[in-house]
Each structure stands twice: as C-alpha cells, then as structure tokens.
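These are the residues of each chain, in order.
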Amino acid sequence: MSDTITIKGIREGLLVSVTDAGEWSEAARALLTRIDQTVEFFRGGRLALDVGARPIPAAELGRLRDLLSERGVSLSTVLSDSPLTTHAAQALGLKVALVAAAPPSIQARVDAETDPEEAREDAVLVRRTVRSGRSVRHTGHVVVLGDVNPGAEIVAGGDILVWGRLRGVAHAGAPATALPGAAADGDEAATVCALDLAPTQLRIARHIATSPARKGTPQPEMARVKDGRIVAERWSPKK
Amino acid sequence: MIQSSNGRVTTSANGASQPAAHQPERERTMAGKVITVTSGKGGVGKTTTTANLAVALAAGGHKVVCLDADIGLRNLDVVMGLENRIVYDLVDVVEGRARLRQAMIKDKRLPELYLIPAAQTRDKSAVSPSDMIKLCNDLRGEVDYILVDSPAGIERGFRNAVAPADQVLIVTNPEVSAVRDADRIVGLLEAEEKGPGHLIINRLKPEMVKRGDMLSTDDVLDILAIPLIGVVPEDEGILVSTNRGAPAAMDEKSRAGQAFRDIARRLRGEDVPFMPLDDNKGFWQKLAARFTRSG
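What comes next concerns the included structure. Predicted model, so just to flag it, every value in this text is computed and none were measured. Numbering of residues starts from 1 in each chain and follows the order in which that chain's sequence is written. Chains carry letters from A onward and ligands carry numbers from 1 onward, assigned in written order. In view of the model being predicted, local features appear only for residues whose pLDDT reaches at least 70, and side-chain atom pairs are presented and counted only at 80 or more, with totals across whole chains, interfaces and linings using the full set of residues. Hydrogens are left out, water is left out, and the side-chain values use all remaining heavy atoms of the structure.

Here we look at the packing of aromatic side chains
Quick reminder of the rule: Here is the rule: rings of Phe, Tyr and Trp (six-membered ring for Trp) pair when centre to centre is within 6.5 Å. Planes less than 30 degrees apart are stacked, more than 60 are edge-to-face, and the remainder are tilted. By the criterion adopted, a ring carries a charge over it if an Arg CZ or a Lys NZ lies within 6 Å of its centre and within 35 degrees of its normal.
Tallied over the entire structure, the rule returns 0 aromatic pairs over all chains. One Lys or Arg, Arg266 of chain B, reaches over the ring of Phe274 of chain B and ends 4.0 Å from the middle of that ring.

A few points about the interface of chain A and chain B
The condition is simple: We call two residues in contact when some of their heavy atoms are within 4.5 Å. Computed with a 1.4 Å rolling probe, the buried area is the accessible surface lost when two parts are put together, summed over both parts. The definition of a polar contact used here is a pair of N or O atoms within 3.5 Å, where within protein one atom must be able to donate a hydrogen and the other to accept one, and adjacent residues in sequence count solely through side-chain atom pairs. Helical segments are the DSSP runs of H or I of at least four residues, strand segments are the runs of E of at least two, and each set is numbered from the N terminus. In this classification, the charged set is Asp, Glu, Lys and Arg, the nonpolar set is Ala, Val, Leu, Ile, Met, Phe, Trp, Tyr, Cys and Pro, and all remaining amino acids, among them Gly, are polar.
Contacts between chain A and chain B engage 23 residues on the former and 24 residues on the latter. Of the roughly 2000 Å² buried where chain A meets chain B, counting both sides, 41% is carbon and sulfur surface. The interface formed by chain A and chain B includes 12 residue pairs in polar contact (both at pLDDT 80 or more). No other element matches the 7 residues that helix α3 (residues 58-70) of chain A contributes to the side of chain A that touches chain B. Here the side of chain A that touches chain B is built from residues that sort into 7 nonpolar, 8 polar and 8 charged.

Topic: the nonpolar core
Applied cut-off: Residues enter a nonpolar core if they are buried and are Ala, Val, Leu, Ile, Met, Phe, Trp, Tyr or Cys, with the set joined through side-chain atoms within 4.5 Å. The buried label goes to any residue with under 20% of its type's maximum accessible area, the exposed label to any with over 50%, and the partly exposed label to all in between, with areas taken from a 1.4 Å probe on protein chains only.
Grouped together as the largest cluster of nonpolar side chains are 37 residues, with contacts concentrated most on Leu53, Val64, Met80, Leu113, Leu169, Ile263 and Leu267 of chain B. Top element by residues in this core is helix α1 (residues 46-59) of chain B. It accounts for 7 residues. Not counting the four nearest positions on each side in its chain, Val64 of chain B is found in contact with Ala54, Leu57, Ala58, Glu112, Leu113, Tyr114, Tyr145 and Leu147 of chain B. Core analysis: the next-biggest nonpolar cluster, separate from the first, contains 29 residues, Ile5, Leu32, Ile56 and Leu92 of chain A among them.

Here we look at the sheet that holds strand β5 (residues 123-126) of chain A
All names here are of chain A. This is how the line gets drawn: When DSSP finds two or more bridges between two strands, those strands count as paired. Whenever a helix is involved, its axis is fitted only over the stretch in contact; in every case the axis is a line through C-alpha atoms, and angles between N-to-C directions fall within 0 to 180 degrees.
Spatially, β5-β7-β9-β11-β14-β15 is the arrangement adopted by the 6 strands of the open sheet, whose pairing is mixed. The sheet is open, and its two borders are formed by β5 and β15 (229-234), each paired with just one other strand. This sheet shows a mean twist of 25° between the axes of neighbouring strands, independent of strand direction. As paired strands, strand β7 (residues 141-145) and strand β9 (residues 160-166) are joined by 4 bridges and run parallel to one another.

Observations regarding unusual backbone geometry
Across residues other than glycine, the phi torsion is negative in most instances, and most of the peptide bonds are trans. Look at Asp227 of chain A: it is not a glycine, yet its phi comes out positive at around 50°. Inspection of the secondary structure assignment puts Asp227 of chain A in the loop between β14 (221-226) and β15. Under the relative-accessibility criterion, Asp227 of chain A is labelled exposed at 81%. The backbone of Ala225 of chain B sits at a positive phi, close to 50°, despite the residue not being glycine. Tracing the sequence through the fold places Ala225 of chain B in the loop between α9 (217-224) and β8 (228-233). Overall, the relative accessible area of 13% leaves Ala225 of chain B in the buried class.

With respect to the side chain of Asn173 of chain B
Residue and element names in this part refer to chain B. Position of Asn173 among the secondary structure elements: in the loop between β6 (167-172) and α7 (176-191). What makes Asn173 buried here is its relative accessible area of 6%. One polar contact links the side chain of Asn173 to the main-chain carbonyl oxygen of Asn202, over a distance of 3.1 Å. The residues contacting Asn173, other than those within four sequence positions of it, are Gly43, Val44, Ala178, Val179, Asn202 and Arg203.

What to know about the environment of Ala165 of chain B
Residues and elements named next belong to chain B. Following the sequence through the fold, Ala165 ends up in the loop between α6 (156-162) and β6. Judged by its relative accessible area of 0%, Ala165 falls in the buried class. Each C-alpha atom, one on Ala165 and one on Ile71, is 17 Å from the other, the two residues being 94 residues apart in sequence.

Observations regarding the pattern of salt bridges
Put simply, the rule is: A pairing counts as a salt bridge when a side-chain nitrogen of Lys or Arg comes within 4 Å of a carboxyl oxygen of Asp or Glu.
Within this structure, the stated rule accounts for 28 salt bridges over all chains. Here Asp138 of chain B and Lys134 of chain B are joined by a salt bridge, their closest N and O atoms 3.2 Å apart. Separated by 4 residues within a single helix, Asp138 of chain B and Lys134 of chain B lie in helix α5 (residues 129-140), roughly one turn from each other. Look at Lys134 of chain B and you get exposed, because its relative accessible area is 53%. Note that Glu270 of chain B is salt-bridged to Arg265 of chain B, the shortest N-O span being 2.8 Å. Among the charged side chains, a salt-bridge network with shared partners connects Arg65 and Asp66 of chain A together with Arg159 and Glu192 of chain B.

Here's the deal with the sheet that holds strand β3 (residues 46-50) of chain A
Residue and element names in this part refer to chain A. Strand order in the open sheet formed by 4 strands is β1-β2-β3-β4, with mixed pairing between adjacent strands. One side of each edge strand has no neighbouring strand; the edge strands of this open sheet are β1 (6-10) and β4 (74-79). Looking at each pair of strands side by side, their axes are set apart by 25° on average, direction ignored. Of the pairings in the sheet, the one linking strand β2 (residues 13-17) to β3 comprises 4 bridges and is parallel in character. What sits directly across from Leu15, in β3, is Ala48.

Right, here's the structure in full:
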C-alpha cells in the first residue's frame, strides 16, 4: 500500500502522488487510510494530488474532497494527464497546476511555445454551457459549444469561438501575465467569435472593451483588434 | 423528470443535461425521496419554499420530514411554528445523543409532517456530507419525502445539504444577482453529478414584468436553461404566515400557497399546467380581477 503513495513537501503544502495504474477506489481508500494513520501530520494541511493518467469523474473527486475535508485536510490541486480528471477538477473549482513547478502536461505546452504556430494549433472543445463561477483557461484556442453565462470567464492564448451566447468575460490572445504559459505579450491577432456576442467584458491581448447596449436581434459577430481598439463586426454570408 | 405541458420547460439548450442523480449503493427499504432546496443567494425564499412544499405534500397524504441543514442559523422551525417544541436537533442525532425518532418534531396540524431542526449553537462543520447521507438513508425507510433546507452559499453547508439529494430544487428571484448565484449552483450541481436541478422562480411580480422592470420567467430560463417546476407570485401574505409560523400552503385562499401546492403536485409526478403569469397578460389581468373579486 505505502509504495503506491508517495508524499513530499512542496511550497504549497503536500504533494501526494498516486500514480500507479491500480483501481481509483482502492487508491483513494489507501490514501485515506494513510491519512487516518497520521492524522496529526495532515490536519490543517493543503494537499496537491497527482493521480497520473487515471480518468476520475467529478463526483468521485468531490467525494474525496469531502472525505479529506472531514479529516481537516483541504484538497487544493489535482494534477492529471487525463482530460476528464482535469475538467472534473476545474468544475469543482480545484487548481490543476502547481504555481511553483508546472506539471508535465503544462510544461510541454510551454516548451511548444517556442514554436508559436504549433502552440496555436492546440484547442480545447467545451461541450456544455459554462456557468457563473467557472473559468476555462487554455494556452491554445477555446471552442465552446453552448453559452458562456455572466460570471463565467474564458481565457485563451489563441482564439475564442462560442457557438452560443457569450455573456461572461472573454480574454483571447491573453499574455503570460494573465495566462501562465502563454506568449509574453499575448496575441494581438486573436479573435473572439460568438453567435451572440454580448460579453460583460472583452479582452484581446492587452486591450479591454465592454459591449455596447444591445439593439435588435443578436447576430453572429467577430471581434478583433483594429488600429489599437477592439472592434466587433457582423458575420455575414456574403463576403 | 418533471416537464410542464406548455413546452416551455427544456433541458439545457445545448443538450448538456445530465441524467437524474442515482446512487446505486444506497439501500432502499421504502421509496423515501430526498429533495434538497437550495439557491446560492440568501433571502430568496429557500426556507419558505421548504416549509410550504412540506405542508403541501403532507396535506396530500404523504409522510414528510423536513431537515434544517442551516446549522447555526436555523429558521425552518420558526417558519413552521415549531420552535418551542425543540428538544433534540440534527447534530444531537449525528453525534449520537438522540435517536432519529426523538429529534423528529411532529406537527400537530398535519398528521404526517415532521421537522428535524438544526442546532443553533453549532456551525456547519458539526456535520459532514457523509453524516447527511447516512441520516437521510435512515429516514428513507420511515417517510415518503425528506425535504432538506440548505443554507445560502456554496461551502460546507451547501455540500452537506446536497450530498444526500435525489432531486435538487433551486430557488431564485427574478433579479440579476439571484439568477447569477443560481447559475453558479447549477454548475456546481452538474459537477457533483446531481443533475441540473429544477427551478422555482419565487416572488415574481407580474405587473413589474409587464412594465419591463423585472426579469420575466423566460428571461430567467434563458440564462439558466434548466427545467422549471414552479413560479410563485409575490404575496404579502407570505410574510404574515411566516411570522405566524403557519405556512401559506395551509391557506386555501393564498396565491403563493396555491403555487406551492402546484409545485408539490408536480413533485409527485402530476402534470399540472402552469399559470401563465407574465406571458399572457390578458389572462393574468382576468385572473387578477378574479382575485380582487373573491378577496
């Protein structure tokens, strides 16, 4: 049991790695048993959990977080190579990267940044409505199949495309200050497109704009930086 | 899943609705159903809704227990008029000082209505999500419906209240901040695989909607895109009944009480048409006129 779990101290608290290929339920049980054995050591601690390539659904992660919090341990971060697990962690409001040392997946993206074209090829597809309080952050492009509601935010190193209503905050071509791993100055050529472009606030690279008051029926629009300002233009089939 | 007959109710527009919550590992001796009432924002009417739905379900012949999960800020006992009969509370049961039956306060007005009050002198950390799941599983064998009144917020208290839920009702008011918080709750419920939940729009004022000064039912559904299970009109009588400890659903003449009774019937699986409050103004005016006459 103890050889499947490694624990080391990091700047943000404790990093617990459960990266072997065994069943998640057993790994979770082993982790809790380990914590129960030395409650005093763990109590009040912040935990970053590296689960390797395991796909873990949000409900399972939520359950573990609750079980940990009953033991006075707060789960702050979940590191994983599995997109399912990463999305689940984000949905629960957990961090998916360490600030001090980026996990391998993120590190790979930073390396790819040396070839900007290659990095921009990379896109994530979010196939659901992004609701208030959720944040989708990605160094490549972000495509949302659904709405982006007020109170939600999308931050992308590349373009943002919303097949739905964009009413939250969107930041395309975000610079590294807003999105670690992105290009240092961001990307002025990035665009934001939506079937209904009515964001609370729109940012491209270092430019910021708000939406003008809505008039008429919504039409697909694309926003880009022109002469140092963000402008939105209607998309029309002829052109 | 409850759907209205007028077709206005849809699951989320992009098809991202989730299957209803199911907990395979639970033992079920009786089909006791756990329904959690939550909102994110405070003061939108969670406790009033819980009390009224409990009364309406109990009046319909079901055995109902209300559980106040707002530990440290209990209110449900006051709204139900049972404050002076509390001996044991939820925390006493969880910590083993009282048996479940001892903490169930029987409402004398309705034969099958019970309340398990929250502890007032403790806080949310006194109870864990697994305590709530265990408590509700014990209650499932005893009653038909377990209504859990959630505290405001998205922290431990919320997670406690939602953990045992088979169905979640999200209460909101037709105002931007309440809808924003409800949207956050829906996102959290989806992440916890507790379904998108069902929406109750509380304190709607049809006249204000008509003037364009208040969000309409459609405006709210436009953002939240989850199934609607009820719209409760603003009713001054609610304040009176809340202070008296006699939920409005007990009053045959109350407009809000009628809306809560309709929601209770929909919870039982009946297909009850929605009163078209703000969509069909002509109808509403007729209805208003009727109320004025009868009142």
